[in-house]
Amino acid sequence: MNVLVTGGMGYIGSHTCIQMIDAGMNPVILDNLYNSKNTVLERIEKVSGVKPTFIEGDVRNKSLVVDVLKAHNIDAVIHFAGLKAVGESVQKPLEYYDNNVNGTLVLVDAMRDCDVKTLVFSSSATVYGDPASVPITEDFPTSATNPYGRSKLMVEECLTDFQKANPDWSITLLRYFNPVGSHPTGELGEDPQGIPNNLMPFVSQVAVGRREFLSVFGHDYPTKDGTGVRDYIHVMDLSDGHVAALQKVGSKQGLHVYNLGTGNGYSVLDMVKAFEAASGKEVPYQLVDRRPGDIAECWADPAKATKELGWQAIRTLEEMTADTWRWQSKNPQGYPES
Ligand code: NAD
Ligand code: UDP
């Protein structure tokens, strides 16, 4: 199976390429390297023994996408490419709608021209907004509170309409909860540019000495210790979820929607403690005000993915934190420039 992986040089895409190779699939990567480095390709090869084809380019370039789909005889597409920083999306909404919404429309238009009718899309639990209760099932109402979330929701809606009009397509929306961790070899991991927005990259940069302390955003939430609770999922489990989606519903016509989460909720302080235990490093922190737009708690009901995809998250909190630390300690400044 030849699979175009847009954004395949990024955090989740690179791990997914490794799991795809392991499952006998042939990933072909299209990435503009806006948020990733060339070195990722060498690391994929080091870990998997296979160097995937890489095309440096933009998913919004329709003629390029058409050429790639044809030249590599593509059967299916996993679409990771996009921008993902919530705070930045408030400052640069146009860039977010252009990359995330327009990027997807151009991609689907190119796929239609080439008769490629299987698409797996990277969505997010952010489309549930502030859920009325937990755990969250796929039929919960959706909403958005920032341009990033709205871009994901818009794409979901566009793809839902498109699939309705084109019932012979298979379109899968995967709603990720909080991806963390890295490849167990420590060769690949999350390498944010600048100050990390997400909890675990920040925690690991504190542990490795790149930052002084963690600011814990909010300590008065109605949760067990007052800090926010999330469903952290190991990136290797998430990657396996994409392989399962392609294998189980990739050839089934229809619109398929799945939560990819563990079903467990951990607080910010749970994560700090687990990381300290895994790394043997102290992670100093300060309790500060809530971050605007954050919700108290969020975790998945992953039963639908288990039932229909035969997939479930199997990696523990200890593996998530130990693997994050292995990556961070082996690569304290992230990926080197090649
Ligand atoms: P990432 O930034 O590491 O990877 C995205 C990749 O896409 C990067 O390599 C970047 O260079 C590339 N890219 C961006 N715009 C592009 C364009 N126009 N054309 C070609 N390539 C482009 O992000 P990630 O964490 O791997 O996330 C992958 C996807 O999953 C994104 O769509 C993101 O919104 C979604 N997602 C991520 C999370 C998370 O917490 N990491 C959670 C939910 C959903
Ligand atoms: N968080 C924090 N300090 C940070 C980054 C995040 O306390 O520097 C908290 C945040 O308030 C939330 C949790 O960690 O409760 C996960 O945040 P993240 O940004 O990683 O993911 P989100 O669930 O917001 O998408």
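Residues numbered from 1 in each chain as written. Chains lettered and ligands numbered in written order. Predicted model: local features only at pLDDT ≥ 70, side-chain atom pairs only at ≥ 80, totals over all residues. Heavy atoms only, no water.

The name given to the protein chain in an unreviewed UniProt entry is UDP-glucose 4-epimerase, and the organism recorded there is Vibrio olivae. What UniProt states about the protein chain under its Sequence similarities (unreviewed entry) heading is, verbatim, "Belongs to the NAD(P)-dependent epimerase/dehydratase family." As stated in UniProt under Pathway (unreviewed entry), the record for the protein chain gives "Carbohydrate metabolism; galactose metabolism." (UniProt positions renumbered as here; feature names shortened; annotations may be inferred.)

For the rest of this paragraph, the subject is the site of ligand 1. As a structural note, the neighbourhood of ligand 1 is formed by 27 residues, with Asp31, Asn35, Ser36, Asn99 and Tyr148 the closest of them. For ligand 1, an oxygen atom lies 2.8 Å from a polar atom in the backbone of Phe80. Considering ligand 1 on its own, with 830 Å² of exposed area, one finds that the protein chains cover 96% of that surface. For the shell around ligand 1, the secondary structure elements donating two or more residues are helix H1 (11-22), strand E5 (118-124) and helix H6 (147-165). Ranked by residues supplied to the shell around ligand 1, first place goes to E5 with three residues. (Near = heavy atom within 4 Å. Polar contact = N/O pair within 3.5 Å; in protein donor to acceptor, adjacent residues only side chain to side chain. Areas by Shrake-Rupley, 256 points an atom, 1.4 Å probe, with all protein chains shown as cover. Helix = DSSP H or I, 4+ residues; strand = E, 2+ residues; numbered from the N terminus.)

Further remarks concern the side chain of Ser182. Among the secondary structure elements, Ser182 is positioned in the loop between strand E7 (178-180) and helix H7 (199-207). Note on Ser182: relative accessible area 1%, which makes it buried. Contact partners of Ser182, with chain neighbours within four places excluded, come to His15, Leu188, Gly189, His234, Val235, Met236, Asp323, Thr324 and Trp327. (Buried < 20%, exposed > 50% of the residue type's maximum accessible area, 1.4 Å probe, protein only. Contact = heavy atoms within 4.5 Å.)

Around ligand 2, 14 residues are found, and the nearest of them are Ser215, Phe217, Arg230, Arg291 and Asp294. In the environment of ligand 2, an oxygen atom lies 3.0 Å from a nitrogen or oxygen atom belonging to the side chain of Asn178. Within the side chain of Asp294, one N or O atom sits 2.6 Å away from an oxygen atom of ligand 2. In the complex, the protein chains occlude 86% of the 520 Å² of accessible area that ligand 2 would expose alone. The element best represented in the shell around ligand 2 is strand E8 (residues 214-217), accounting for four residues. Across the shell around ligand 2, the residue classes break down as six nonpolar, five polar and three charged. (Nonpolar A, V, L, I, M, F, W, Y, C, P; charged D, E, K, R; others polar.)

Looking now at the pattern of salt bridges. Enumeration over the complete set of coordinates arrives at 20 salt bridges. Across the salt bridge formed by Lys37 and Asp191, the nearest N and O atoms sit 3.6 Å from each other. Pair noted here: Lys37 is in the loop between strand E2 (26-31) and helix H2 (39-48) and Asp191 is in the loop between E7 and H7, with a separation of 154 residues, a long-range link. Among the residues examined, Lys37 registers a relative accessible area of 13% and is labelled buried. (Salt bridge = Lys/Arg side-chain N within 4 Å of Asp/Glu carboxyl O.)

This part covers the sheet that holds strand E4 (residues 76-79). Strand pairing in a sheet relies on backbone hydrogen bonds, with the paired strands running either antiparallel or parallel. With respect to topology, seven strands assemble into an open sheet ordered E3-E2-E1-E4-E5-E6-E11, the strand pairing being parallel. The two strands at the open ends of the sheet, each matched to only one other strand, are strand E3 (53-56) and strand E11 (254-260). Adjacent strand axes in the sheet meet at a mean angle of 20°, parallel and antiparallel pairs treated alike. As paired strands, strand E1 (residues 2-6) and E2 are joined by five bridges and run parallel to one another. When the sheet's bridge partners are listed, Leu4 is paired in E2 with Val28. Along the sheet, H6 contacts E5, strand E6 (170-176) and E11; its crossing angle with E5, the most-contacted strand, is approximately 150°. (Pairing = 2+ DSSP bridges. Axes fitted to C-alpha atoms, helices over the stretch in contact; angles between N-to-C directions.)

With that out of the way, let us pick up the UniProt feature "domain: NAD(P)-binding" (unreviewed entry) in the protein chain. Here the UniProt-annotated "domain: NAD(P)-binding" (unreviewed entry) positions come out as residues 4-323. Helix and strand shares over residues 4-323 are 40% and 18% respectively, and the end C-alpha atoms of the span are 27 Å apart.

It is worth spelling out the pairing of E3 at this point. Taken together, the four bridges between E2 and E3 define a ladder with parallel strand orientation. From the neighbouring strand, Ile29 faces E3, where its bridge partner is Phe54. On the question of chirality, the crossover connecting E2 to the parallel E3 by way of H2 is right-handed. (Right-handed = clockwise from strand over helix to strand, strands pointing away.)

On to the nonpolar core. Counting residues in hydrophobic clusters, the biggest one holds 38 residues, and the most contacted among them are Met20, Ile44, Leu246 and Leu309. At the level of elements, E1, H1, H2, E4, E6, helix H8 (235-248), E11 and helix H10 (303-309) are the ones that each hand at least two residues to this core. Membership of the second largest hydrophobic core comes to 28 residues, among which are Val65, Ile74, Val155 and Ile171. (Core = buried A, V, L, I, M, F, W, Y, C linked by side-chain atoms within 4.5 Å.)

Moving on to the packing of helix H3 (residues 62-71) against helix H5 (residues 93-114). Running from amino to carboxyl end, H3 crosses H5 at an angle of 45°, the nearest separation of the two axes being 9 Å. With respect to each other, H3 and H5 are oriented oblique. For the pair H3 and H5, the crossing hand works out as right-handed. Judged by residue contacts, Lys62, Val65, Val66, Leu69 and Lys70 of H3 engage Val106, Leu107, Asp109, Ala110, Met111, Asp113 and Cys114 from H5. (Parallel < 35°, antiparallel > 145°, perpendicular 65-115°, else oblique. Left-handed = near helix turned anticlockwise from the far one by under 90°.)

Considering all chains together, one arrives at three cavities of 30 Å³ or more under this definition. The space that makes up the largest cavity amounts to roughly 80 Å³. Lining the largest cavity are Tyr11, Val180, Gly181, Ser182, Glu190, Met200, Pro201, Ser204, Thr324, Trp327 and Gln328. For the lining of the largest cavity, the secondary structure elements donating two or more residues are H7 and helix H11 (317-330). Looking at the lining of the largest cavity residue by residue, the class counts come to five nonpolar, five polar and one charged. (1 Å grid on protein atoms, 1.4 Å probe; cavity = no way out; pocket = protein on both sides within 12 Å on 5 of 7 lines; lining within 4 Å. Points joined across faces, edges and corners; volume = space filled by probe spheres on them.)

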